[in-house]
Amino acid sequence: MEKATRLFDCMTIQAKAPLDNLLNAKVNGAWKSYSTQEVHDMINQLSIALFNMGISRGDGTTEGRDKIGLISAGRPEWLITDLAVQQIGAVLVPLYPNTNSKELEQILNEAEVKYVFVSNKELYDKVNEIHSRIPSLKAIFSFDHVEGCTNWTELLKPIQEKDRQNLTEISNTVSENDVTTIIYTSGTTGRPKGVMLTHKNILSNVMASGLVLNQIPIAQKKALSFLPMNHIFEKMVAYIYLFFGFSIYYAENMDTIGPNLREVKPYLFSAVPRVLEKVFERIITEGKKLTGIKSKIFLWSIKIADQFEIENKSLWYKIKLAIADKLVYSKWRNAIGGNVSAIVVGSSACPVRLEKIFTAAGIVILEGYGLTETSPVISVNHYDKRSRKFGTVGPLLSDVELMIASDGEILCKGPGVMVGYYKNPELTAEVMEGGWFHTGDIGVLDQGSFLKITDRKKEIFKTSGGKYVAPTPIENKMKENYFIGQMIVVGSEKKFVSALIVPSYANLKPWCLQNGIPFSSHEQIIKDSRVIAMYHSIVDTYNLEFNHVEQVKKIALLVDEWSTESGELTPTGKMKRKVITEKFHDEIEKMYLDELTESSKLVS
């Protein structure tokens with residue numbers, strides 16, 4: 001592969017080995033393919049249109065470059081817009097479609113976005129509602145046909161020779177050190193912060209990660225994409241596909257992943273652990289329907305998978321594994337298209353049990369680790385068994401340096417590390433020291449080469465779907481209700497957010513008496529269905545003030561108040577989160593009982 005220095009250099013490489021199906025998506029229920037030539041034409045046409053509308057690299061500084069907003073699920077138009085913006089030296093500001101209006105307004109104003117591209121009517125209405133409060137915003141364009149909104153195709157005009165010359169001149173001014181995107185991610189206070197990433201940042205990650213993915217034996221370079229494209233993980237993986245000759249197929253939505261996998265029959269895709277959980281939950285659900293000998297074989301195959309280790313085991317185990325593969329695992333692979341050789345997993349920790357089960361079934365899980373600020377991959381498990389270890393996030397990428405600080409925090413250095421937070425030099429200084437980026441995570445090097453994440457330094461946590469949650473604002477808001485005495489929000493690496501609540505018994509007792517509920521003891525009252533329903537009602541009311549991922553889905557009421565004496569509080573009255581979550585581990589786990597944990601009982 002020839003030397004590339006900008007992300008859009010992938011177009012030159014693609015032109016030498018064009019595809020009939022470079023980008024693919026469902027249109028009116030049928031798959032529509034866009035060839036390399038078609039995609040390149042649309043990219044160039046959109047670049048020229050934006051340039052003629054006054055979009056430019058300005059004075060060359062990040063602040064001086066014009067910003068383009070993009071709010072859409074993954075689809076061909078997403079990458080086309082991204083590449084078009086890159087070619088003229090502007091900066092893309094991609095956002096989650098479910099970003100609330102308040103954050104959306106804040107981000108668009110901070111970045112001084114001039115134009116926004118949205119995918120559909122719902123998003124057009126959301127942006128249009130706040131349009132008047134964003135002075136920099138000139139117009140909104142939609143990928144779908146939306147009444148009252150200019151469709152993006154109206155910008156695509158035949159390319160004149162003069163336009164082509166101008167585009168070449170403009171793109172030649174773009175360097176590897178230019179910021180190409182600002183990706184907003186939640187901070188410790190919940191306030192979004194804009195991570196500035198250059199072409200060099202992302203491209204270094206693309207090339208190093210691409211070499212890892214190239215180890216995977218596949219017959220055809222075909223991948224399915226369904227994670228949010230504004231997340232650096234999926235965006236970076238998409239550029240691996242673009243540079244390494246893959247065809248990309250976009251799932252219709254998260255609910256159609258199963259059918260789309262069977263239609264497309266990809267050899268590779270990226271996912272968050274929650275997707276694997278859902279797949280396995282479906283497997284268990286179907287397995288429970290079996291009876292007789294089929295049920296026994298199914299449960300036996302789960303037990304065999306649970307025993308899987310990367311290192312070769314006994315001949316007898318290999319024989320049992322082969323039998324299980326023939327009778328059971330092959331059906332699992334067929335359920336996701338039949339061709340998937342590996343799944344790249346990131347964004348949050350993957351349960352080791354799921355890694356073992358999928359890998360035993362011939363679907364190798366390549367779990368990695370990183371942050372938006374590191375473009376994102378710091379380390380990743382390889383397909384090669386020698387560079388893969390369960391319970392770790394794999395070896396470091398080839399160009400990443402790592403240091404474990406005295407307090408156990410992971411620090412890293414390399415070409416993928418961001419240039420800073422947009423318009424926030426103070427926050428940048430907090431996480432950057434002598435070129436080392438402070439990840440905020442605690443970890444160790446297992447066997448001297450495999451990185452293992454052991455704890456979170458910050459209180460903020462990720463759900464298994466890879467979304468950040470800041471617990472303190474949720475707790476503080478809900479504790480405004482006088483029935484809630486104490487509360488801790490939990491959900492790190494879980495499917496959803498839950499909470500432990502210590503009732504304000506002084507206020508709860510009168511309410512019980514008024515409602516004819518006997519109040520004999522704390523132990524008795526927190527089990528009363530009417531009391532539990534009342535607390536659910538309180539939580540549901542406050543949930544409306546938070547984003548979907550932050551909403552508390554389940555609660556557990558506790559008997560005794562936390563105190564300094566009993567060890568849950570510091571002398572200044574602050575919660576000791578680790579102590580509380582360890583002490584009430586069983587209560588927390590009960591809130592997350594599902595088919596995955598039930599299946600453990602079946603095969604234990």
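Below is a summary of the structure that appears in this document. (Residues numbered from 1 in each chain as written. Predicted model: local features only at pLDDT ≥ 70, side-chain atom pairs only at ≥ 80, totals over all residues. Heavy atoms only, no water.)

**Digging into the overall build of the protein chain**
When helices and strands are tallied, the protein chain shows 21 helices and 26 strands. Compactness check: the protein chain gives a C-alpha radius of gyration of 26 Å against a globular reference of 25 Å for 604 residues, within 12% of the reference. Taken along the three principal axes of its C-alpha coordinates, the protein chain extends 85 × 65 × 50 Å. Here the protein chain holds 604 residues, and the buried ones make up 56% of them. In the protein chain, the share of contacts with a sequence separation of at least 24, taken over all contacts with a separation of at least 6, comes to 67%. For the protein chain, the accessible area works out to roughly 26200 Å², and carbon and sulfur atoms hold 52% of it. (Helix = DSSP H or I, 4+ residues; strand = E, 2+ residues; numbered from the N terminus. Rg over C-alpha atoms; globule rule 2.2 N^0.38 Å. Buried < 20%, exposed > 50% of the residue type's maximum accessible area, 1.4 Å probe, protein only. Contact = heavy atoms within 4.5 Å. Areas by Shrake-Rupley, 256 points an atom, 1.4 Å probe, with all protein chains shown as cover.)

**Some remarks on the environment of Glu587**
Mapped onto the elements of the fold, Glu587 is located in helix α20 (residues 585-590). With relative accessibility at 30%, the residue Glu587 sits in the partly exposed group. The spatial distance from the C-alpha of Glu587 to the C-alpha of Ala556 is 6.8 Å, given a sequence separation of 31 residues.

**Here we look at the sheet that holds strand β24 (residues 484-490)**
Strands pair in a sheet through their backbones, by hydrogen bonds, and they do so in one of two ways: parallel or antiparallel. Ordered in space as β24-β25-β26, the three strands form an open sheet in which the pairing is mixed. Where the open sheet ends on each side, the last strands, each with one partner, are β24 and β26 (552-557). Averaged over all adjacent pairs, the angle separating strand axes in this sheet is 25°, with direction ignored. Packing against the sheet, helix α15 (residues 471-478) makes contact with β24 and β26, and its axis sits at approximately 160° to β24. Relative to β26, helix α18 (residues 529-543) is tilted by about 145°, and along the sheet it contacts β24, β25 (497-503) and β26. (Pairing = 2+ DSSP bridges. Axes fitted to C-alpha atoms, helices over the stretch in contact; angles between N-to-C directions.)

**With respect to the nonpolar core**
Grouped together as the largest cluster of nonpolar side chains are 128 residues, with contacts concentrated most on Leu23, Leu79, Phe117 and Phe243. Counting residues per element, this core draws most heavily on helix α8 (residues 232-243), at 10 residues. Among all residues touching Phe117, those that are not within four sequence positions of it are Leu46, Leu50, Ile68, Gly69, Leu70, Ile71, Thr81, Phe141, Phe143, Trp152 and Leu155. Core analysis: the second largest hydrophobic core is formed by 29 residues, Val469, Ala499, Ile501 and Ile538 among them. (Core = buried A, V, L, I, M, F, W, Y, C linked by side-chain atoms within 4.5 Å.)

**A word on the side chain of Gln86**
Its location among the elements puts Gln86 in helix α3 (residues 76-87). Judged by its relative accessible area of 1%, Gln86 falls in the buried class. Side-chain polar atoms of Gln86 contact the backbone nitrogen of Phe8, separated by 3.2 Å. Apart from the residues lying within four places of it in its own chain, the contact partners of Gln86 are Leu7, Phe8, Val174, Thr180, His199 and Tyr239. (Polar contact = N/O pair within 3.5 Å; in protein donor to acceptor, adjacent residues only side chain to side chain.)

**So, helix α2 (residues 36-52)**
Across its 17 residues, α2 extends 24 Å between first and last C-alpha, which sits within 8% of the 24 Å expected from 1.5 Å per residue. By the criterion of burial, α2 is predominantly enclosed, with 12 of the 17 residues buried. For α2, the complete set of buried residues consists of Thr36, Val39, His40, Met42, Ile43, Asn44, Gln45, Leu46, Ser47, Ile48, Ala49 and Leu50. Directly beyond the C-terminal end of α2, a positive phi value near 100° is found at Gly54. (Expected span 1.5 Å × (residues − 1).)

**A closer look at the pairing of strand β6 (residues 139-142)**
Because side chains alternate across β6, one face comprises the buried residues Ala139 and Phe141, and the other comprises Ile140 and Ser142, equally buried. With four bridges connecting them, strand β5 (residues 113-118) and β6 associate as parallel partners. Note on β6: the bridge partner recorded for Tyr115 is Ala139. With respect to chirality, the unit in which β5 leads through helix α5 (residues 121-130) into the neighbouring parallel β6 is right-handed. In this sheet, strand β7 (residues 150-151) lies alongside β6 in parallel orientation, the contact comprising two bridges. (Right-handed = clockwise from strand over helix to strand, strands pointing away.)

**Digging into the packing of aromatic side chains**
Two aromatic rings, taken as a pair, are described by how far apart their centres are and by the angle between their planes. Across all of its chains, the model carries 12 aromatic pairs by this definition. Taking the centre distance of 5.6 Å and the plane angle of 50° together, the rings of Phe226 and Phe269 count as tilted. Linking Phe226 in the loop between β10 (222-225) and α8 with Phe269 in strand β12 (residues 268-271), this pair joins segments that are 43 residues apart in sequence. Considered together, Phe226 and Phe269 belong to a single accessibility category, that of buried residues. Three or more aromatic residues link up through ring pairs in this structure, and these residues are Tyr115, Phe117, Phe141, Phe143 and Trp152. Geometry around Tyr96 places Lys467 over its ring, the cationic atom sitting 5.1 Å from the centre. (Phe/Tyr/Trp six-rings, centres within 6.5 Å; stacked < 30°, edge-to-face > 60°. Lys NZ or Arg CZ within 6 Å of the ring centre and 35° of its normal.)

**What about α3?**
Its 12 residues give α3 an end-to-end C-alpha distance of 17 Å, which sits within 8% of 16 Å, the value for a rise of 1.5 Å per residue. Of all the 12 residues making up α3, 12 are buried; the element is thus mostly covered by neighbouring parts of the structure. Every buried residue of α3 is listed here: Pro76, Glu77, Trp78, Leu79, Ile80, Thr81, Asp82, Leu83, Ala84, Val85, Gln86 and Gln87. Positive phi shows up at Gly89, right after α3, with a value of about 80°.

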